[in-house]
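Topology and contacts: notes
Letter by letter, the chains look like this.
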Amino acid sequence: MSVTGIRKALAAVFVGLALTLSAAPAAQAAQAAPAAHGAQAAPAAQADKLKLTVAGDGAQGVTIQATYADGRRLEQVVRLVLTATGPDGQRVGPVQLEPQPEGQGFYSSGPVLSTGTWKVSVNSPAPLAGKATATVQAKTAQSPPAPAPVAVTTPTDDAGSAAWWPLAAAGLVLVAVAMGVAMLFGRRRTT
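Cut-offs and rules
Residues numbered from 1 in each chain as written. Predicted model: local features only at pLDDT ≥ 70, side-chain atom pairs only at ≥ 80, totals over all residues. Heavy atoms only, no water. Phe/Tyr/Trp six-rings, centres within 6.5 Å; stacked < 30°, edge-to-face > 60°. Lys NZ or Arg CZ within 6 Å of the ring centre and 35° of its normal. Helix = DSSP H or I, 4+ residues; strand = E, 2+ residues; numbered from the N terminus. Buried < 20%, exposed > 50% of the residue type's maximum accessible area, 1.4 Å probe, protein only. Contact = heavy atoms within 4.5 Å. Pairing = 2+ DSSP bridges. Axes fitted to C-alpha atoms, helices over the stretch in contact; angles between N-to-C directions.

Next up on the list: the packing of aromatic side chains. We describe a pair of aromatic rings using the distance from one ring centre to the other and the angle between the two ring planes. A complete count under the given rule lists zero aromatic pairs for this structure. Stacked on the ring of Tyr68, the Lys or Arg Arg72 has its end atom at 4.4 Å from the ring centre.

This part takes up the environment of Gln76. Here Gln76 shows up in the loop between β2 (62-68) and β3 (80-85). The exposure class of Gln76 is partly exposed, given its relative accessible area of 41%. Distance in space between the C-alpha atoms of Gln76 and Gly105 is 7.6 Å, their sequence separation being 29 residues. Apart from residues no more than four positions distant in its own chain, Gln76 is found in contact with Tyr68, Tyr107 and Leu128.

What follows is about the sheet that holds strand β6 (residues 116-124). Two pairing modes exist for strands in a sheet, parallel and antiparallel, and in both the strands are linked by backbone hydrogen bonds. Reading across the sheet, the seven strands line up as β1-β2-β5-β4-β3-β6-β7 and stay open at both edges, with antiparallel pairing between neighbours. The open sheet has two edge strands, β1 (50-56) and β7 (130-138), and neither has a second partner. Sheet twist, expressed as the mean angle between neighbouring strand axes with direction ignored, is 25°. Here β6 runs beside β7; their pairing, made up of nine bridges, is antiparallel. Counted as the bridge partner of Asn123 is Lys131 from β7.

Function cannot be read off these values alone, since they describe shape.
Dropping the structure here:
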């Protein structure tokens, strides 16, 4: 075989190797595509459902935490509608709830309930459907207790504040004596 034939054979081997290596990632991607599509389909099926957690706010309102059914945080605004049935058959709603700045997926009704026990339902229509019902005890809003007065006292012992004067006077006397001694010795050297 001549040198040209060897070169042609090596070139054919390298081209075949390059084609094999470039085709392998494409084949792996083709095999992984159905698996990735199936993995995306499961969250998509769960993503169209919401988990709503309903609770009282400690006064006359209701708070709602909305997440996806699989527990992921809700990153978009959804429409939530509240209805409630209270003592003596009182009804509130439907009230559309607005998102609150306390966190993603956090909603609050504000003071819409009167004092008593209420059965509260919160619904979210499609495309992100969800429903929750809870019993909420509404109470009259409480104001925080007034702070206790703080007594301001001044020290009655003036001995502690006057104790530094004798030390300062002694320091001044020592400085004066040292200056006098320095002046005395300074004059003797010049004479």
